[in-house]
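Spelled out, the chains give:
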Amino acid sequence: MDAFEAIKATFFQECDELLADLEAKLMLLEQGQTDLETINAVFRAVHSVKGGAGAFGLEALVRFAHVFETLMDELRAGRKPCDAITIKTLLRASDVLADHIQAAQGLIPPVDEARSAALVAEMQVLTHGGEAPVEVEEDEDDFGFTPMAFDMALDEPAPLPIADLGADAPSVGWRIVFKPMGRMYVNANETSLLLRELGRLGPVTVVVDDSETPTLDALSIEDGCLTWTVDLAAAVDEAAVREVFDFVESDCDLTVTSLGAGGATDIGAFDDEPAAVLPASDDLDIAALLAKASGAAEPAAEVVPSAALEPEPAPAPIIATPVVEPVAAPVAATPAPASAPVAPAPVTIRVDLDRVDRLINVVGELVIQQAMLSQRVLESGLARSSGIALGLEDLELLTREIQDSVMAIRAQPVKSVFQRMPRLVREVADMVSKQVRLVTAGEDTEVDKTVVERLAEPITHMLRNAIDHGLETPEERVAAGKPAEGTVRLAALHRSGRIVIEISDDGRGINRERVKKIAVDKGLIAADAPLTDEQIDNLIFAPGFSTAAVVSDISGRGVGMDVVKRSIQALGGRISISSVPGKGSTFTLSLPLTLAVLDGMVVAAAEQTLIAPLPAIVESLTPQAVDLHFVGGVDPVIRFRDRFLPLIDVALIMGFREQPMNPTEGVAVVVETEGGQQAALLFDAIQGQRQVVIKSLETNYQQVEGVAAATILGDGRVALILDIDVLVTDMRRKSVRPDFKLAS
């Protein structure tokens, strides 16, 4: 590829980003956010496309973009109101602009001239009213090579003034006092990470007050009992300090006071010993600080291990906030409020994805080799305090940091997928003559790039299905007492170490009688088969199944939902349905955050070593005879926090042994499924916790029930990674009458 073609390829990459931003801003306009800043963002995106297209002689694209840009210029000047009709036209213009760009790339045939000309005429009427269209005048800045598509300076704020180095320095620092509440840990936040972030702002002095900590038998994981006092000796503003607590401020009691003149300076009120000073760097050693405090005799030591006193349960679901209702009446553009200059965007570089993949594979092998080396040193009998053992601990921390950093490179928000869907929804709604509003939430939820790329197809199928099958016609909705406009909701959130995608609608729900009849007619089930509601709902995933009476461009061939299920399973995920007749349906996709690494608990079952995913684990305990009971003399249950949970002998149901073990001789691990169901898994022993590299068992062998994947341990053996949801919901039905007696 010559230099010119390389620049052209870069321009088209920039166009993809500009189109995504254009779509997002137009959706904000549709929802009523018609401020000047949003209108300017749309104008800049179209202007940049036009400038680059002129540089490469793409005349059809330039002509269309010029008319689009002219209409946006009228809107931002306030000469034209940003009403509902105009916004609808802009949305269609965005689709045609995207088609022009794809046609310029050779991905699709040239755009139909009649379609493009009709929309151009529409935009010109909106721009000039009844006046004659204005000829397109080529201006050198737009069509010359100098500005190209990278001229983003239009309407940008003036450069920030350089700070006066001779000005008075800010106050000498801040005192931060915060007391975490129990829900902070439930939401998977850690005190140590907050302390580390504060340490990156400057030298910090930390003291923890544990005077409210109850005795061990009265300790509850739902209660916070530590109060942390941090003195930050850094010339930073208060906003920078509070930014550290952005995600937890509502989950803790927080006060920030200045340590300047008249401010508090004495931190020794809690302890007579000097407090530890943490370095102002990324190498903040929280573990060493916690270890130093563990031997303190006073009730209020400088730092007490938070993990030991306040165990952290699995994270709770994130509650998504619905978007604003769309604009229904003409709204004039409102000027944006004056604000401080925006900080420059972070500098980024484009890297070939294959290079990142190779780096991830190498780091994965590094993790395995580090685990093997640690295993060899452990088997050699060297003391844990020896220089080699201590060096290996540092290597383990460094390896984990490298692993996390590399995985962060591949992390991508699902926004890139969600932004494609409004156009799809509009097109499908027009095809079936339905009024549909798409609501999205959690667009900034990050997941591995591999997962993001493979989400588009199943989400597309499910949105089309929700509009075509789920939502009623406007007349049917009005007759049923619903708004004529149907709502489809697309949301992403993190739950129990996985990403959950929810597609829901407020339509008619699943007609289970009709679904069952169609399944019988197609020979999928017997006519007298006793099925639960859940089993009937899952029939729609059967190959060739369709409830459409007539085959159309949208549905009716029975391939959509089958494709969805196969695509999700190929990613190591699962799909579930919740439907209420007359009120709507919700399809929930659960997928791993990454296909590369996992934090897990290493456990022993019979003679096998297994990995239990750490995010699913709530607590571990040693079963006592008084807490154990058998339902019908067969199915064991265990008392846990004033309720009974099923006790699942993992080695038994996976076929590692024929008879159940005595629960009092093992360890019970309480786990929680993605649906919130809890159970206790019985193992022989817990061997430790570690980060493991995920290897697909299905790709290298075959799918095994109850097993999500595999990994390689430090001694070179292969260990199976358990699928907690399958173990709890599907496999615990295997029961064997015990051949032992519990002590009374």
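1. A look at the overall build of the protein chain
Alright, step 1. The number of helices and strands found in the protein chain is 24 helices and 23 strands.
Alright, step 2. Burial analysis of the protein chain (744 residues in total) assigns 45% to the buried set.
Alright, step 3. Sequence-distant contacts, at least 24 apart, represent 73% of the contacts inside the protein chain between residues at least 6 apart.

2. Quick word on the nonpolar core
Within soluble globular proteins, side chains that are nonpolar tend to cluster in buried spots.
Alright, step 1. Core analysis: the largest hydrophobic core is formed by 47 residues, its most contacted members being Ile459, Leu463, Leu490 and Ile501.
Alright, step 2. Setting aside chain neighbours within four positions, we find leucine 490 in contact with Phe418, Met421, Leu438, Val439, Thr440, Ala441, Ile459, Leu463, Ile501, Glu502 and Ile503.
Alright, step 3. Counting residues in each nonpolar core, the second largest holds 42 residues, with Leu19, Ile39, Phe64 and Ile87 among its members.

3. Details of the pattern of salt bridges
Alright, step 1. Evaluated as defined, the whole model comprises 26 salt bridges.
Alright, step 2. With its nearest N and O atoms 2.7 Å apart, the salt bridge here joins glutamate 69 to lysine 50. Of the two residues, glutamate 69 sits in helix H3 (residues 59-76) while lysine 50 sits in helix H2 (residues 36-55), which places them 19 residues apart along the sequence. An identical accessibility class is assigned to glutamate 69 and lysine 50; each is buried.
Alright, step 3. The closest approach of N and O atoms between glutamate 238 and arginine 242, which form a salt bridge, is 2.9 Å. One end of the pair is glutamate 238 and the other is arginine 242, both in helix H9 (residues 238-244) and four residues apart, which spans about a single turn.
Alright, step 4. Members of the salt-bridge network, linked through shared partners, are Glu472, Arg477, Lys482 and Asp506.

4. Comments concerning the packing of helix H4 (residues 84-105) against helix H5 (residues 113-128)
Alright, step 1. Taken N-terminus to C-terminus, the directions of H4 and H5 make an angle of 145°; their axes are 10 Å apart at the nearest point. Note on packing geometry: the crossing formed by H4 with H5 is left-handed. Between H4 and H5, the contacting residues are Thr86, Thr89, Arg92, Ala93, Val96, Asp99 and His100 on the first element and Arg115, Ser116, Leu119, Glu122, Met123 and Leu126 on the second.
Alright, step 2. The residue makeup of the contact of H4 with H5, split by class, is five nonpolar, four polar and four charged.

5. What to know about the sheet that holds strand S16 (residues 628-631)
The strands that make up a sheet are held in pairs by hydrogen bonds between backbone atoms, and each pair lies either parallel or antiparallel.
Alright, step 1. Taken in spatial order, the six strands line up as S15-S19-S20-S18-S17-S16 in an open sheet, and their pairing is mixed. Whereas interior strands pair on both sides, the edge strands pair on one side only; in this sheet they are strand S15 (617-621) and S16. The mean angle between the axes of side-by-side strands here comes to 35°, regardless of whether they run parallel or antiparallel.

6. Concerning the sheet that holds strand S9 (residues 486-495)
Alright, step 1. Pairing is mixed across the open sheet formed by five strands, whose spatial order is S7-S9-S10-S12-S11. Two strands bound the open sheet, and with one partner strand each, they are strand S7 (436-441) and strand S11 (574-580). Each neighbouring strand pair of the sheet contributes to a mean axis angle of 15°, computed without reference to strand direction.
Alright, step 2. As paired strands, S11 and strand S12 (residues 584-592) are joined by seven bridges and run antiparallel to one another. Across the sheet, the residue bridging to arginine 574 is serine 590, located in S12.
Alright, step 3. Running at roughly 160° to S7, helix H15 (residues 421-431) makes contact with S7 and S9 of the sheet.
Alright, step 4. Here helix H17 (residues 456-470) sits on the sheet and contacts S7, S9, strand S10 (498-505), S11 and S12; the angle it forms with S10, its principal contact strand, is near 20°.

7. Looking at the side chain of threonine 445
Alright, step 1. Along the polypeptide, threonine 445 turns up in the loop between S7 and strand S8 (446-448).
Alright, step 2. Of the polar contacts made by the side chain of threonine 445, one reaches the backbone oxygen of glycine 442; its length is 2.8 Å.
Alright, step 3. From its side chain, threonine 445 meets the backbone oxygen of alanine 492 in a polar contact 3.3 Å long.
Alright, step 4. Those residues within four positions of threonine 445 in sequence are excluded, and the remaining contacts are Gln412, Pro413, Val414, Ala492, Leu493, His494 and Ile499.

8. Regarding helix H12 (residues 353-379)
Alright, step 1. Here H12 is 27 residues long and its end C-alpha atoms lie 39 Å apart, about the 39 Å a rise of 1.5 Å per residue gives.
Alright, step 2. The set of residues buried in H12 consists of Val356, Ile360, Val363, Gly364, Val367, Ile368, Gln370, Met372 and Val377.
Alright, step 3. On the buried face of H12, the contacting elements are helix H13 (387-410), strand S21 (685-693) and strand S22 (707-712).
Alright, step 4. Of the residues flanking the end of H12, it is glycine 381, one or two places downstream, whose phi is positive at about 85°.

9. Description of the side chain of aspartate 723
Alright, step 1. By secondary structure assignment, the location of aspartate 723 is in the loop between strand S23 (718-722) and helix H24 (724-731).
Alright, step 2. By relative accessible area, which is 14% here, aspartate 723 ends up buried.
Alright, step 3. Those residues in contact with aspartate 723 that lie beyond four places of it in its chain are Arg574, Gly706, Val707 and Ala708.

10. Things to note about the environment of glutamate 457
Alright, step 1. You can see glutamate 457 is positioned in helix H17.
Alright, step 2. Distance from glutamate 457 to isoleucine 568, taken between C-alpha atoms, is 10.0 Å for residues 111 residues apart in sequence.
Alright, step 3. Beyond its immediate stretch of four places on either side in the chain, glutamate 457 contacts Val563 and Ser567.

11. A word on the environment of serine 433
Alright, step 1. Here serine 433 is to be found in the loop between H15 and S7.
Alright, step 2. The spacing of serine 433 and proline 474 is 41 residues in sequence and 8.5 Å in space, taken between C-alpha atoms.

12. Details of the confidence of the model for the protein chain
Alright, step 1. Mean pLDDT over the protein chain: 76, with 77% of residues reaching 70 or higher.
Alright, step 2. For the stretch residues 131-171, pLDDT sits under 50, and the model shows 52 contacts to residues farther than four places along the chain or on other chains.
Alright, step 3. Ignoring residues within four places in sequence, the model shows residues 261-342, a span with pLDDT below 50, making 156 contacts including any to other chains.

13. Observations regarding the pairing of S22
Alright, step 1. Both S22 and S23 contribute to a ladder of five bridges, which runs antiparallel. Across the sheet, isoleucine 712 pairs through a bridge with valine 718, a residue of S23.
Alright, step 2. Two successive antiparallel strands, S22 and S23, enclose a turn made up of five residues, where glycine 716 displays a positive phi of approximately 90°.

14. Some words on unusual backbone geometry
When glycine is set aside, most residues are seen to have a negative phi, and most peptide bonds are trans.
Alright, step 1. Although it is not a glycine, serine 433 adopts a positive phi angle of roughly 55°.
Alright, step 2. With a relative accessible area of 58%, serine 433 lands in the exposed category.
Alright, step 3. Within the chain, arginine 641 stands out as a residue other than glycine whose phi angle is a positive 50°.
Alright, step 4. Structurally, the position occupied by arginine 641 is in the loop between strand S17 (635-640) and strand S18 (643-649).
Alright, step 5. According to the relative accessible area criterion, arginine 641 is partly exposed, its value standing at 40%.

15. Looking at a nonpolar patch on the surface
Alright, step 1. On the surface, Leu366, Leu398 and Ile402 cluster together to form a nonpolar patch covering roughly 230 Å² of accessible area.
Alright, step 2. Secondary-structure assignment places leucine 366 in helix H12.

About the cut-offs
Residues numbered from 1 in each chain as written. Predicted model: local features only at pLDDT ≥ 70, side-chain atom pairs only at ≥ 80, totals over all residues. Heavy atoms only, no water. Helix = DSSP H or I, 4+ residues; strand = E, 2+ residues; numbered from the N terminus. Buried < 20%, exposed > 50% of the residue type's maximum accessible area, 1.4 Å probe, protein only. Contact = heavy atoms within 4.5 Å. Core = buried A, V, L, I, M, F, W, Y, C linked by side-chain atoms within 4.5 Å. Salt bridge = Lys/Arg side-chain N within 4 Å of Asp/Glu carboxyl O. Axes fitted to C-alpha atoms, helices over the stretch in contact; angles between N-to-C directions. Left-handed = near helix turned anticlockwise from the far one by under 90°. Nonpolar A, V, L, I, M, F, W, Y, C, P; charged D, E, K, R; others polar. Pairing = 2+ DSSP bridges. Polar contact = N/O pair within 3.5 Å; in protein donor to acceptor, adjacent residues only side chain to side chain. Expected span 1.5 Å × (residues − 1). pLDDT = per-residue confidence, 0-100. Patch = residues over 30% accessible without salt bridge, like charges linked within 9 Å, V, L, I, M, F, W, Y side chains within 5 Å. Areas by Shrake-Rupley, 256 points an atom, 1.4 Å probe, with all protein chains shown as cover.

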